[in-house]
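One-letter residues, chain by chain:
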Amino acid sequence: MAATLTEPTVLAAAKDTLYPDLDTSTDHYAVTETQFTKPTWGGWEIPEDLRRRLAPYNTIRLTDGEPDLLGVGMPALEVLNADAATTPVTIIEAKGHNSDPGAADVRQGINQAHGHLSEVNIGYVAAPIQSISDQARALARDLNIGVIGVESPHDATLVEPARVTGIGDFSTTIDAIRFQATTHRLTEGSFPVNHPKNYLGYALALAADGDTPDVYSEHVINSVSGGRRGAILLGLVDNRPAGETLTHLGAEVVRFARNQHGSVAAALEEFASWKGRSTPFTDLAPRWAQLARSVAIQYDPTRLIIEALERLHQRGIKPATIDAVVREACRINQPLTVEVFFTQARREDVLTADGDIDEPMLSDPRVYKSGIHFQFKYHLRHIGLLTEGGTDDKDEVLSNEWALNQTVGL
C-alpha cells in the first residue's frame with residue numbers, strides 16, 4: 001500500500017469524482033495548482049498518467065492561500081442548496097500520506113478549505129477514507145466543508161456533502177478560471193475563424209427564418225461550427241440546454257442589421273457578398289467593423305492584450321513581440337494570461353512549481369495557442385485595433401509584430 005494514496009493521488013481521485021466529464025462537458029472546467037507540477041512528492045515520483053489526470057495547471061492564489069484545485073460548474077456529487085448557484089466555484093484541499101493512508105491530516109485540510117469560503121461557493125477536503133474520523137466529519141459539518149473519502153487511486157466516495165454559499169466579488173484568479181469555463185474552454189487550440197463578420201453573421205443566421213446552419217453556410221461561411229463557437233466566445237449567443245438564444249449583445253447586432261439594411265435577410269445578402277474577401281473589415285464595411293470592435297472590446301482577452309500593448313507602447317516598445325506582450329499581460333493578470341496564451345499541453349513547461357512563469361520558455365513558439373497568434377490576432381486587425389494580422393507559421397510567431405493602431409498614452 002506504500003505511496004498509493006499520496007496527496008496527488010487523492011486529489012486526482014477527488015477531481016475525477018467531482019467532475020467526471022471534464023473532457024466532454026461544456027459546463028465544467030478545473031485547474032490544479034502548480035505545486036503539483038513537481039516531478040516528485042515527498043520523495044515519491046509522480047507517475048506521468050497521474051500528472052495527466054491532474055492537468056491543466058494554473059497559479060491559484062487566493063487570500064487565504066493556495067487551494068489544491070479550483071473548479072467551476074456544479075459537482076457531480078450531492079450538493080446541499082444546489083439551486084443557489086448554476087456555475088459555482090469549488091475548491092478542493094487534498095490530504096494524503098506517502099506510507100500510512102490513515103495518517104493524513106484531515107482536520108488541517110478542513111480548516112484550509114474553510115478559509116477559502118469567503119471567495120468561493122463550495123469547499124471540499126479529500127483524504128484517504130481510513131483517515132476520516134467521526135470527529136473530522138463533525139468538524140466538516142460545522143464549517144460547511146464537504147468530505148470526499150478516497151478508497152483507491154481511482155475510487156472516491158462522498159462522506160459529507162457541502163452546501164453552496166454566497167460570496168462577494170471574485171478574485172482575479174477565479175475570474176480567469178470562470179472566464180475559461182464560461183467560454184466552454186473554446187479558447188484552447190485555435191480561435192475558430194479569423195474574420196469578425198463570421199461571428200456577427202451567426203447571430204443574424206440565428207435570428208433569420210429557416211434552419212440556422214443552412215442560412216449561415218449559404219450567406220456567411222461553410223464552417224458553421226467555427227462561427228457558432230466564435231459567437232459564443234464573444235458573448236453574442238448563449239448555448240442553453242433548451243437551445244441557442246441571442247444574448248443582449250447578439251440582439252443588438254440584429255437591431256443594427258435592421259437599421260442598416262432594413263431586414264435581417266437583406267443584411268445576410270450583404271454578408272454573402274463579402275465571402276472570400278481579404279480586405280480589412282474597417283475598409284470593407286466600416287460601420288459593421290465598428291460594431292464588431294465594440295463587441296470585441298467586451299471580451300476579456302481583447303482587453304488584456306490591449307492594456308498590455310498600451311503599457312508597452314508607453315515605454316517605447318512599439319511594435320512588440322508575443323513574448324513581450326505575455327510578460328506585460330502577466331503583470332496585469334497572470335492567471336488569465338495563462339488561460340489565454342498558453343496551450344494546456346505545455347503549461348507544465350511554462351509554469352514553475354511556485355506558480356511563476358519560466359521566462360526562457362516564452363522563447364519557444366510551441367507553448368502558445370495558435371488561436372491567439374493566428375486567428376484572433378487577425379480578428380483584432382480586421383476591426384482596426386492592431387496594425388498587423390497573425391501567423392500560423394511557428395517560425396514566425398516570435399518575430400510577428402504586435403502594435404496598436406492608435407494608443408492613448410502617446
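Please refer to the structure placed before this passage.
Residues numbered from 1 in each chain as written. Predicted model: local features only at pLDDT ≥ 70, side-chain atom pairs only at ≥ 80, totals over all residues. Heavy atoms only, no water.

Quick notes on the overall build of the protein
Part 1 of the argument: The helix and strand inventory of the protein stands at 16 helices and 13 strands.
Part 2 of the argument: For 410 residues, the compact-globule estimate of 2.2 N^0.38 gives 22 Å, and the protein sits close to it at 23 Å.
Part 3 of the argument: C-alpha extents for the protein along the principal axes are approximately 70 × 45 × 35 Å.
Part 4 of the argument: Relative to its full complement of 410 residues, the protein shows a buried share of 55%.
Part 5 of the argument: Across the protein, the fraction of contacts at a sequence separation of at least 24, relative to all contacts at a separation of at least 6, is 67%.
Part 6 of the argument: Here the protein displays about 16700 Å² of accessible surface, and carbon together with sulfur accounts for 45% of that area.
Part 7 of the argument: Mean positive and mean negative side-chain charge positions of the protein (36 and 55 charges, respectively) differ by 5 Å. (Helix = DSSP H or I, 4+ residues; strand = E, 2+ residues; numbered from the N terminus. Rg over C-alpha atoms; globule rule 2.2 N^0.38 Å. Buried < 20%, exposed > 50% of the residue type's maximum accessible area, 1.4 Å probe, protein only. Contact = heavy atoms within 4.5 Å. Areas by Shrake-Rupley, 256 points an atom, 1.4 Å probe, with all protein chains shown as cover. Lys, Arg positive; Asp, Glu negative; His and termini not counted. Charge placed at Lys NZ, Arg CZ, Asp CG, Glu CD.)

Thoughts on the pattern of salt bridges
Part 1 of the argument: The full count for this structure, using the stated rule, is 20 salt bridges.
Part 2 of the argument: Residue Arg61 is joined to Asp356 by a salt bridge in which the shortest nitrogen-to-oxygen separation is 3.4 Å. Taken together, the residues Arg61 in the loop between strand E4 (57-58) and strand E5 (69-72) and Asp356 in the loop between helix H15 (347-350) and helix H16 (370-382) connect sequence positions 295 residues apart.
Part 3 of the argument: Since its relative accessible area comes to 38%, Arg61 is described here as partly exposed. (Salt bridge = Lys/Arg side-chain N within 4 Å of Asp/Glu carboxyl O.)

A few points about the nonpolar core
Part 1 of the argument: In this structure, Leu204, Trp288, Phe341 and Phe342 are the most contacted members of the largest nonpolar core, which totals 72 residues.
Part 2 of the argument: Examining the composition of this core, we find that ten residues originate from one element, helix H14 (residues 322-341), more than from any other.
Part 3 of the argument: Among the nonpolar cores identified, the runner-up in size contains 31 residues, and Val10, Ile46, Leu77 and Ile122 belong to it. (Core = buried A, V, L, I, M, F, W, Y, C linked by side-chain atoms within 4.5 Å.)

Focus on the sheet that holds E5
Part 1 of the argument: One open sheet holds the seven strands; their spatial order is E4-E1-E5-E7-E8-E9-E10, and the pairing between them is mixed. In this open sheet, the two edge strands, each paired with only one partner strand, are E4 and strand E10 (155-160).
Part 2 of the argument: In the packing of helix H1 (residues 7-18) onto the sheet, the strands contacted are strand E1 (29-33), E5, strand E7 (89-94), strand E8 (122-128), strand E9 (146-152) and E10, and the crossing angle to E7 comes to about 150°. (Pairing = 2+ DSSP bridges. Axes fitted to C-alpha atoms, helices over the stretch in contact; angles between N-to-C directions.)

Focus on the environment of Asp323
Part 1 of the argument: Note on placement: Asp323 falls in helix H14.
Part 2 of the argument: Judged by its relative accessible area of 14%, Asp323 is buried.
Part 3 of the argument: Linking Asp323 and Val397, residues 74 residues apart in sequence, is a C-alpha distance of 9.5 Å.
Part 4 of the argument: Aside from chain neighbours lying at most four places away, what touches Asp323 is Leu362 and Tyr368.

Digging into the packing of aromatic side chains
Part 1 of the argument: If you walk through the whole model with that rule in mind, you get nine aromatic pairs.
Part 2 of the argument: Ring geometry for Phe256 against Trp288: centres 4.8 Å apart, planes inclined by 80°, an arrangement best described as edge-to-face. Pair noted here: Phe256 is in helix H9 (residues 248-261) and Trp288 is in helix H12 (residues 286-296), with a separation of 32 residues, a long-range link. Assigned by exposure class, Phe256 and Trp288 land together as buried.
Part 3 of the argument: Counting every residue linked through ring pairs, the aromatic cluster contains Phe256, Phe271, Trp274, Phe281 and Trp288.
Part 4 of the argument: Sitting above the plane of the Trp41 ring, Lys38 keeps its charged end 4.6 Å from the centroid. (Phe/Tyr/Trp six-rings, centres within 6.5 Å; stacked < 30°, edge-to-face > 60°. Lys NZ or Arg CZ within 6 Å of the ring centre and 35° of its normal.)

Quick notes on a negative patch on the surface
Part 1 of the argument: A surface patch of like charges, here negative, comprises Asp211, Asp214, Glu218 and Glu269.
Part 2 of the argument: Note on Glu218: relative accessible area 53%, which makes it exposed. (Patch = residues over 30% accessible without salt bridge, like charges linked within 9 Å, V, L, I, M, F, W, Y side chains within 5 Å.)

A closer look at unusual backbone geometry
What you tend to see is this: most non-glycine residues have negative phi, and most peptide bonds are trans.
Part 1 of the argument: Here the bond from Ala55 into Pro56 is cis, since omega is 5°, no more than 30 degrees from zero.
Part 2 of the argument: Mapped onto the elements, Pro56 comes out in the loop between helix H2 (48-54) and E4.
Part 3 of the argument: Residues Lys318 and Pro319 are joined by a peptide bond in cis, for which omega reads 0°.
Part 4 of the argument: For Pro319, the location among the structural elements is in the loop between helix H13 (300-314) and H14.
Part 5 of the argument: Its identity is not glycine, yet Asn81 carries a phi of approximately 60°, on the positive side.
Part 6 of the argument: Given a relative accessible area of 35%, Asn81 falls into the partly exposed group.

Some details on the pairing of E7
Part 1 of the argument: Of all six residues in E7, six are buried; the element is thus mostly enclosed.
Part 2 of the argument: Pairing of E5 with E7 involves four bridges; the strand directions are antiparallel. By the bridge assignment for E7, Val72 is matched with Val89.
Part 3 of the argument: Bridge count between E7 and E8: five bridges; the pairing is parallel. Following the sheet pairing, Ala94 is matched in E8 by Ala126.
Part 4 of the argument: Read as a crossover between parallel neighbours, the route from E7 over helix H3 (residues 106-115) to E8 is right-handed. (Right-handed = clockwise from strand over helix to strand, strands pointing away.)

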